[in-house]
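Commentary on secondary and tertiary structure
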Amino acid sequence: MPGGRLTQQERQQIALGLADSLPYAEIARRLDRPTSTITREVMRNGGPTGYRSDLAHRATERRAHRRRSAPARGPESAPMPHGREAEAVAEYEETLTTVLMGSGVPKMGARVLTCLFTSDAGSLTASELTQKLQVSPASISKAIAFLESQSLVRRERDERRRDRYVIDDELFFQATIASARANDELVKTARLGVAVLGPQTPAANRLENIARFLDFISESITRAAEQAREVLHTKPAPAPDGPEEQADA
């Protein structure tokens, strides 16, 4: 039933849908499930090209067994801040990680980004990330190196001389500009190909069209990012508290 765990039959339907190149939204509609459920299921079990229903089902059973075997949270466990529910936060973190992976971020990088996104401080040390994700320091180091290369995190030293990895609003702007600059390199390379292959040849025409397309996209991205930059530093307006405020709005 919708909202419960996926059954083995549903996983078989997901596999069939992927084989038919159906979008996640269509597979979800046929199963009467949220699209996010299908996306998370596929991405955590091999992706659209590697998904197998039998392996996915066994992996889910193993995860459920580990959760049942894990020691229960004792009364001495610190409550989560702001009245958050631990289970809901964990579910959201898993969803966000899956979406980031779908956008091209490697799995460990996506897990690190999720930790940073959902941290109120917006920064964590390598040891804090290692402890939270239960992975080796080398795994964290490799993930951070990738994220830094994409301008998705920055490194700074705290008062104890420890490296802290930071994500803030300005980094979204920087990452967007970096993406546009990557397009600029493709534009240059495509136009180099035009000169090498000879103007007016079919191959050169193809490369010139690619260059023109990417050039337009790059300019549009840069212009839009500059125009929207201030949004990243604007606090959302408070929601109306009651009918009177809504009527006055």
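Everything below is about the structure shown above.
Residues numbered from 1 in each chain as written. Predicted model: local features only at pLDDT ≥ 70, side-chain atom pairs only at ≥ 80, totals over all residues. Heavy atoms only, no water.

1. Looking at the overall build of the protein
Inclusion rule: Numbering of helices and strands runs from the N terminus; a helix is a DSSP stretch of H or I covering at least four residues, while a strand is a stretch of E covering at least two. Relative accessible area decides the class of each residue, using a 1.4 Å probe on protein chains only: under 20% of the type maximum gives buried, over 50% gives exposed, and in between gives partly exposed. In what follows, a contact means two residues having at least one pair of non-hydrogen atoms within 4.5 Å. The Shrake-Rupley method, run with a 1.4 Å probe sphere, supplies the accessible areas, and residue values consider only the shown protein chains as cover.
When its secondary structure is counted, the protein shows 12 helices and 3 strands. Looking at the protein as a whole, 32% of its 249 residues are labelled buried. Within the protein, residue pairs in contact and separated by at least 24 positions form 52% of the contacts whose partners lie at least 6 positions apart. Here the protein displays about 16600 Å² of accessible surface, and carbon together with sulfur accounts for 55% of that area.

2. Some thoughts on unusual backbone geometry
Unlike most non-glycine residues, S21 shows phi in positive territory, near 60°. Secondary-structure assignment places S21 in the loop between α1 (8-19) and α2 (24-31). If you check the backbone angles, S151 has positive phi at about 60° while not being a glycine. Tracing the backbone through its elements, the reader meets S151 in the loop between α9 (137-149) and β2 (154-157).

3. Things to note about the environment of P34
Assignment of secondary structure puts P34 in the loop between α2 and α3 (35-43). Owing to a relative accessible area of 43%, P34 belongs among the partly exposed residues under this scheme. Residues P34 and Y24 lie 10 residues apart in sequence; the distance between their C-alpha atoms is 9.4 Å.

4. Observations regarding the packing of α1 against α3
For clarity, the threshold we go by: Only the stretch in contact is used when fitting a helix axis, every axis being a line fitted to C-alpha atoms; angles between N-to-C directions are given from 0 to 180 degrees. Orientation categories follow fixed angle ranges, with anything under 35 degrees roughly parallel, anything over 145 roughly antiparallel, 65 to 115 roughly perpendicular, and all other angles oblique. We call Asp, Glu, Lys and Arg charged. Ala, Val, Leu, Ile, Met, Phe, Trp, Tyr, Cys and Pro are nonpolar, and the rest, Gly among them, are polar.
At their nearest, the axes of α1 and α3 sit 12 Å apart, and the two run at 85° to each other. Taken together, the axis directions place α1 and α3 in an arrangement best described as roughly perpendicular. Along the contact surface, α1 presents R11, I14 and L18, while α3 presents I38, E41 and V42. Taken together, the residues of the contact of α1 with α3 break down into 4 nonpolar, no polar and 2 charged.

5. Comments concerning the pattern of salt bridges
Heads up, the rule is: Take a side-chain nitrogen of Lys or Arg and a carboxyl oxygen of Asp or Glu: if they are within 4 Å of each other, that pair is a salt bridge.
The final tally for this structure, using the stated rule, is 17 salt bridges. The salt bridge partner of K132 is E93, with a shortest N-O separation of 3.7 Å. In this pair, K132 is assigned in helix α8 (residues 126-133) and E93 in helix α6 (residues 86-102), connecting sequence segments 39 residues apart. Here E148 ties to R155 by a salt bridge, and the two come within 2.8 Å at their closest N and O atoms.

6. Here we look at the pairing of strand β3 (residues 163-166)
Short version of the rule: Note: two strands are recorded as paired if DSSP finds a minimum of 2 bridges between them.
Across 3 bridges, the pairing between strand β1 (residues 123-125) and β3 is antiparallel. Note that in β3 the partner of S123 across the bridge is V166. Of the pairings in the sheet, the one linking β2 to β3 comprises 4 bridges and is antiparallel in character. Following the sheet pairing, R155 is matched in β3 by Y165.

7. Observations regarding the sheet that holds β1
Strands in a sheet are paired, the pairing made by backbone hydrogen bonds, and the direction either parallel or antiparallel. Spatially, 3 strands are ordered β1-β3-β2 in an open sheet, and the strand pairing comes out antiparallel. Whereas interior strands pair on both sides, the edge strands pair on one side only; in this sheet they are β1 and β2. For this sheet the average axis-to-axis angle between neighbouring strands, irrespective of direction, equals 35°.

8. As for the side chain of E93
Take E93: its relative accessible area is 18%, and that puts it in the buried class. Sequence-distant contacts of E93, that is, excluding residues within four places in its chain, are made with T114, T118 and K132.

9. Considerations on α9
To keep things clear, this is the line we draw: Every helix has an expected span of 1.5 Å times one less than the residues it contains. In this description, the arc belongs to the directions extending from the helix axis to the C-beta atoms.
The end-to-end C-alpha distance of α9, which contains 13 residues, comes to 18 Å, matching closely the 18 Å that a straight helix rising 1.5 Å per residue would cover. Looking at α9, one finds that the buried residues are I140, A143, I144 and L147. The arc that holds every buried residue of α9, seen down its axis, measures 100°, which confines them to one face. The outward face of α9, more than 90 degrees from its buried face, is lined by the exposed residues A138, K142 and S149. Where the residues of α9 are buried, they touch α7 (107-117), α8, β2 and β3. Within two residues after α9, S151 carries a phi angle of roughly 60°, on the positive side.

10. Things to note about the packing of aromatic side chains
As a reminder of what qualifies: Note on ring pairs: Phe, Tyr and Trp rings are taken, using the six-membered ring of Trp, and paired if centres are within 6.5 Å. Classes follow the plane angle, with under 30 degrees stacked, over 60 edge-to-face and the rest tilted. Charge-over-ring contacts are defined here by two conditions on Lys NZ or Arg CZ: a distance within 6 Å of the ring centre and an angle within 35 degrees of the ring normal.
Within the structure shown, the criterion is met by 0 aromatic pairs. The ring of F173 is capped by R229, whose NZ or CZ atom sits 3.9 Å from the centre of that ring.

By themselves, these figures tell us nothing about what the structure is for.
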